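# Geometric and topological summary
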Amino acid sequence: MTGPGVGFALRFDFRNPESAGTAMADRYAAALDMAEWADGLGCTRITVSEHHGAADGYLPSPVQMLAAMAARTQRVRFLVAALIAPFHDPLRLAEELAVLDNISRGRVDVIVAGGYVREEFAMFGVPTKERAQRVTEVVTTLKSAFTGRPFGYRGRTVRVTPAPFRAGGPSVLLGGSSEPAARRAARIADGFVPSVPEVWEHYRDESRKLGRPDPGPSPVGPNRVVALARDPDEGWARMAPFFLHETNAYGEWQAQDDVAAPFRTADGVAELRRGDQYRVLTPERFVAELKAAETPFTQFHPLCGGMPMELAWSSLRLFEREVLPAFG
């Protein structure tokens with residue numbers, strides 16, 4: 001287990017561009033091994049994401065992936081960030097999440113979002129103007145379904161079984177990058193996770209208007225990727241193509257409608273190295289940074305952008321063998 005005063009999380013989106021030369025089945029298998037490894041070291045959370053029809057194979061089925069991870073772990077909590085509501089049947093989704101909650105014995109939470117990639121809406125034949133309506137229906141359906149009791153749905157009475165393992169089921173939060181999403185979260189969801197910190201103040205304002213306690217400052221900081229290497233220059237040389245793929249793939253999606261998000265396209269590796277969104281550090285420097293932090297915590301994205309599995313493992317093993325021992 002991790003020592004006192006330090007925590008870590010993992011996230012996966014399973015981008016697997018052709019240039020990575022990796023079979024998706026092997027990438028999935030590696031992630032399951034990493035989940036089991038992380039659970040044994042006291043990892044607090046594993047997050048998976050959802051997109052559809054991506055050329056690089058981005059994960060389209062987070063519930064199934066978390067079911068596999070839950071079967072390989074005992075303590076770590078799971079988060080879907082985010083589940084794209086417009087592409088799901090609300091009742092079927094409620095059933096799948098109830099089963100997942102039982103498999104994991106109550107270790108799952110869900111962030112629901114409206115989506116933003118035009119090609120995905122075209123793929124499913126969903127008008128983008130229906131996003132808010134569909135998000136609201138998914139959230140209200142999930143919360144009603146997780147009670148285990150009959151409820152009204154589209155003019156009829158239904159009941160979702162099995163009941164979740166955890167009383168009330170998974171937490172249902174809203175994600176988003178706009179003022180309407182933030183205010184909607186205050187009205188209908190269990191919480192709000194903004195894509196960018198700036199929209200958090202709208203959530204606080206709406207919460208106060210509803211007579212609820214002030215939720216305080218934004219829980220979301222900068223979205224950064226940290227990897228470890230004994231020689232950072234060599235690490236950058238090997239990892240940079242995958243960092244570049246990630247930021248450009250997200251950046252191209254988000255530039256379609258100027259979505260407020262942490263990713264932007266980059267012209268090349270030199271531009272990435274000048275910024276601080278992607279960092280390659282020695283274990284010694286990482287230890288120093290964590291010890292200087294008020295609350296030492298890090299989230300790894302080990303397979304970022306199609307990172308080769310052995311390269312991902314080399315970073316994780318340095319964390320295990322040279323960072324964690326520094327904290328007890």
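Details of the structure are given in the entry above.
This write-up is about the structure you can find in this document. None of the values given here were measured: they were computed from a predicted structure. (Residues numbered from 1 in each chain as written. Predicted model: local features only at pLDDT ≥ 70, side-chain atom pairs only at ≥ 80, totals over all residues. Heavy atoms only, no water.)

### Overview of the overall build of the chain
Across its full length, the chain holds 11 helices and 11 strands. On C-alpha atoms alone, the chain measures out to a radius of gyration of 20 Å, which is about the 20 Å that the 2.2 N^0.38 rule sets for 328 residues. Based on the C-alpha atoms only, the size of the chain along its principal axes is roughly 60 × 40 × 40 Å. Going through the 328 residues of the chain one by one, you find that 54% of them count as buried. Contacts spanning at least 24 positions in sequence make up 69% of the contacts within the chain whose residues lie at least 6 apart. On the chain, roughly 14,700 Å² of surface is accessible, and the fraction owed to carbon and sulfur atoms is 50%. Computing the positive centroid from 38 side-chain charges and the negative centroid from 40, the chain places the two 6 Å apart. (Helix = DSSP H or I, 4+ residues; strand = E, 2+ residues; numbered from the N terminus. Rg over C-alpha atoms; globule rule 2.2 N^0.38 Å. Buried < 20%, exposed > 50% of the residue type's maximum accessible area, 1.4 Å probe, protein only. Contact = heavy atoms within 4.5 Å. Areas by Shrake-Rupley, 256 points an atom, 1.4 Å probe, with all protein chains shown as cover. Lys, Arg positive; Asp, Glu negative; His and termini not counted. Charge placed at Lys NZ, Arg CZ, Asp CG, Glu CD.)

### Observations regarding unusual backbone geometry
Here the bond from Ala81 into Ala82 is cis, since omega is 5 degrees, no more than 30 degrees from zero. Pro162 follows Thr161 through a cis peptide bond whose omega is 0 degrees. One non-glycine residue, Phe14, lies in positive phi territory at about 65 degrees. Structurally, Phe14 is set in the loop between strand S1 (7–12) and helix H1 (24–40). For Phe14, a relative accessible area of 1% translates into the label buried. Notably, Arg154 is not glycine yet its phi reads approximately 50 degrees, a positive angle. Residue placement: Arg154 occurs in the loop between strand S5 (151–153) and strand S6 (156–158).

### Considering the sheet that holds strand S8 (residues 192–194)
The strands that make up a sheet are held in pairs by hydrogen bonds between backbone atoms, and each pair lies either parallel or antiparallel. One open sheet holds the seven strands; their spatial order is S8-S7-S4-S3-S2-S1-S11, and the pairing between them is parallel. Edge strands, defined here as strands with exactly one partner in the open sheet, are S8 and strand S11 (297–300). The average angle at which neighbouring strand axes cross in this sheet is 25 degrees, direction not considered. Where strand S2 (residues 45–48) lies against strand S3 (residues 77–84), four bridges are found, and the strand directions are parallel. Opposite Ile46, over in S3, you have Phe78 as the bridge partner. Sheet strands touched by helix H6 (residues 179–188): strand S7 (171–176) and S8. Its angle to S7, the strand with the most contacts, is close to 165 degrees. (Pairing = 2+ DSSP bridges. Axes fitted to C-alpha atoms, helices over the stretch in contact; angles between N-to-C directions.)

### Examining helix H2 (residues 62–71)
A turn of α-helix holds 3.6 residues, and therefore any two residues three or four places apart point the same way. When H2 is considered as a whole, its buried residues turn out to be Pro62, Val63, Met65, Leu66, Met69 and Ala70. For H2, the angular spread of buried residues about the axis comes to 160 degrees, placing them on one side. Summarising the contacts, the buried residues of H2 are in contact with S1, H1, S2, S3 and helix H3 (90–104). (Arc of directions from axis to C-beta.)

### As for the pattern of salt bridges
Using the criterion set out here, one finds 25 salt bridges in the structure. Residue Arg72 is joined to Asp33 by a salt bridge in which the shortest nitrogen-to-oxygen separation is 2.6 Å. Of this pair, Arg72 sits in the loop between H2 and S3 while Asp33 is found in helix H1, placing the two residues 39 residues apart along the sequence. Given the relative accessible area of 38%, Asp33 is considered partly exposed. In this structure, the salt-bridge partner of Arg279 is Glu289, at a minimum N-O distance of 2.6 Å. Residue Arg279 is located in strand S10 (residues 278–281), and its partner Glu289 is located in helix H10 (residues 283–292); the two are separated by 10 residues in the primary sequence. Several salt bridges converge on common partners, so that one network encompasses Glu179, Arg183, Arg187, Asp205, Glu206 and Lys209. (Salt bridge = Lys/Arg side-chain N within 4 Å of Asp/Glu carboxyl O.)

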